[in-house]
Amino acid sequence: MWNVSQLVESHGQRSFFPVNSMRNREINPGFALALCYAGMVCLAIAVNLMPVFLTTVRVDLGGRAGLTDEQLGRISAITFAGLVGGILFTGPLADRWGGKPFSVLGTLLIGVGLGLLGISPGYSMVLVAVFIMGLGAGILDMVLSPIVATLQPGSRATALTWLHSFYGIGTVVTVLVGTLAFRLEVGWRTISLTLITVPLLVALVFVKVEVPPLISGKKGGRTALRDLCRDSSFLAVNVAIFLGGALELGLAQWLPAYAEMSLGFSKWTGSISLLAFSAALALGRIFAGVIGRRVDPIKLMLNCCWTSVVLFLLACFAPWREVALAASVAVGLAGSCLWPTTLGVAADRFPRGGASMFGLLAAFGNLGGILMPWLVGVTADRSSLRLGLATSTACPLLMALVLLWMQRRPDAEFAQSGPALLTRTSGDAGEFAESDETRTRGLLRDRQAF
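What counts as what
- Residues numbered from 1 in each chain as written.
- Predicted model: local features only at pLDDT ≥ 70, side-chain atom pairs only at ≥ 80, totals over all residues.
- Heavy atoms only, no water.
- Helix = DSSP H or I, 4+ residues; strand = E, 2+ residues; numbered from the N terminus.
- Buried < 20%, exposed > 50% of the residue type's maximum accessible area, 1.4 Å probe, protein only.
- Contact = heavy atoms within 4.5 Å.
- 1 Å grid on protein atoms, 1.4 Å probe; cavity = no way out; pocket = protein on both sides within 12 Å on 5 of 7 lines; lining within 4 Å.
- Points joined across faces, edges and corners; volume = space filled by probe spheres on them.
- Nonpolar A, V, L, I, M, F, W, Y, C, P; charged D, E, K, R; others polar.
- Axes fitted to C-alpha atoms, helices over the stretch in contact; angles between N-to-C directions.
- Parallel < 35°, antiparallel > 145°, perpendicular 65-115°, else oblique.
- Left-handed = near helix turned anticlockwise from the far one by under 90°.
- Phe/Tyr/Trp six-rings, centres within 6.5 Å; stacked < 30°, edge-to-face > 60°.
- Lys NZ or Arg CZ within 6 Å of the ring centre and 35° of its normal.
- Salt bridge = Lys/Arg side-chain N within 4 Å of Asp/Glu carboxyl O.

Chemist: Any chance you could break down the overall build of the protein chain for me, citing the residues and the numbers?
Modeler: Secondary structure assignment for the protein chain yields 21 helices and zero strands. Within the protein chain, the proportion of its 450 residues that are buried is 57%. At a minimum sequence separation of 6, the contacts of the protein chain that also span at least 24 residues come to 85%.

Right under this line is the structure:
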């Protein structure tokens, strides 16, 4: 599926790994890819564990009156505040120090956050725990994408779509564990302590595995972030991923509570709805990865945006609760490709942006994850949760407008900053540029001699 052997042959072993080291399975590119997938599962655990237990936490930590909708929304907002903080902290440093130390750090922080969540006596400690988990998730979210893009330079958009499909798979596993916990009457603190083993194991393996450098070591190997931010098309990509993140996470963080509190389903059905949403998310990304080489990514995202608008309206205003719940789940399928495909578009058109570029994109995407769950909670306190979720309809609508603007701009304009934005990998681009300059000087000498 990944054509890893072809990757190694086409770029040479010295491009990513020492020749002698390739005999070691621990630094095989295919094994590194698999480990990145496992890291994405850890990220999914950190982000999606608490939404499964929102209604339980409302009673356990809120006393007789229970926590308010704003307090529940604050849990998600704090999670994503930590996530964005991890992204902003890691981006500039990963270009200098590589992805490996931050892969280890991110998974360890998720383990620490799960431990604190498992022993938390009250609401304040829960906020601290989810912030630490979000911090670890942000570090992983920032560093895994550029690692995979470096491992798969010939098909970045497809590779990133596959990577983020494991976020959906990890979410399915997390929700399934939480749902089984309800059936077995196992508390959310016990589940948190049990899940610590997953990130700790992944961190241990990351310690022993080498990953490729994220940028070329040559002068000019990375496009400066300030140069990227001067490009209006790059700014449009950031707006698009902000809206894509708000669309996906605004619904995912509230779906179990919405199914139980507004649609009148049982707690079991609410958990199953998030499980189905996550499965739809994973399947949609796998399907997008399969067809990614044959379909224009912006056209694909536009169709998904229009479909999401219709589904959001059905989810919030359909008179039949079964239709409303089915539409909510279907949003996961329709909006599944928006985040990773936006990352892929940026990676293909700005291949020398480095980890800093991915960090900025991930920060904007997760800012949507901070804003939308909190905004849903605030609106729900003033009206109803149904109307709170309806505010999310603006996300796919506005994203479609941004994509239409991007569609009118030819791809050549994304490379208007010159050689730094060529569609080769950073190391190869430097080598090609150097050889072109040498040939030009040779031609000038020949003309002068003539």
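Chemist: Explain empty space enclosed by the protein to me, and be specific about the residues and the numbers.
Modeler: Where empty space is left can be seen by rolling a probe of water-molecule size over the atoms. Per the counting criterion, the structure on display carries four cavities of 30 Å³ or more. If you add up the space inside the largest cavity, you get close to 120 Å³. Every residue lining the largest cavity is counted, 13 residues in all, and those nearest its centre are Leu43, Asp141, Tyr167, Trp339 and Asn366. Mapped by element, the contributors of at least two residues to the lining of the largest cavity are helix H3 (29–52), helix H5 (69–97), helix H8 (156–184) and helix H12 (232–252). By residue number, the principal contributor to the lining of the largest cavity is H3, which donates three residues. Class assignment for the residues of the lining of the largest cavity results in eight nonpolar, two polar and three charged.

Chemist: Let's hear about the packing of H8 against helix H14 (residues 267–291): which residues, and what values?
Modeler: Two elements in contact, H8 and H14, have axes whose closest approach is 8 Å; the angle formed by their N-to-C orientations is 165 degrees. As the angle between them shows, H8 and H14 are arranged roughly antiparallel. Once H8 is placed against H14, the crossing between them reads as left-handed. Across the contact of H8 with H14, the residue classes tally to 17 nonpolar, 10 polar and three charged.

Chemist: Provide a residue-level description of the packing of H8 against helix H17 (residues 338–349), including the pertinent values.
Modeler: Where H8 contacts H17, the two axes come as close as 8 Å, and the packing angle between them is 150 degrees. What the angle tells us is that H8 and H17 run roughly antiparallel. The crossing of H8 and H17 is right-handed. Note on element contacts: H17 touches H8 through Trp339, Pro340, Thr341, Leu343, Gly344, Ala347 and Asp348, opposite Arg156, Ala157, Leu160, Thr161 and His164. Split by residue class, the contact of H8 with H17 holds six nonpolar, four polar and two charged.

Chemist: A description of the packing of aromatic side chains should follow, citing residues and the corresponding values.
Modeler: With the rule as written, the count across this model stands at one aromatic pair. The ring of Phe265 is capped by Arg321, whose NZ or CZ atom sits 4.1 Å from the centre of that ring.

Chemist: How would you explain the pattern of salt bridges if you had to name every residue and give the values?
Modeler: Evaluation of the coordinates by the stated rule reveals two salt bridges. As a salt-bridge pair, Glu248 and Arg285 come within 2.8 Å of each other at their nearest N and O atoms. You can see Glu248 sitting in helix H12 and its partner Arg285 sitting in helix H14, a full 37 residues away along the chain. Residue Glu248 shares its accessibility class with Arg285, and that shared class is buried. Between Arg321 and Glu322 there is a salt bridge, and its shortest N-O distance comes to 3.7 Å. We classify Arg321 as partly exposed; its relative accessible area is 36%.

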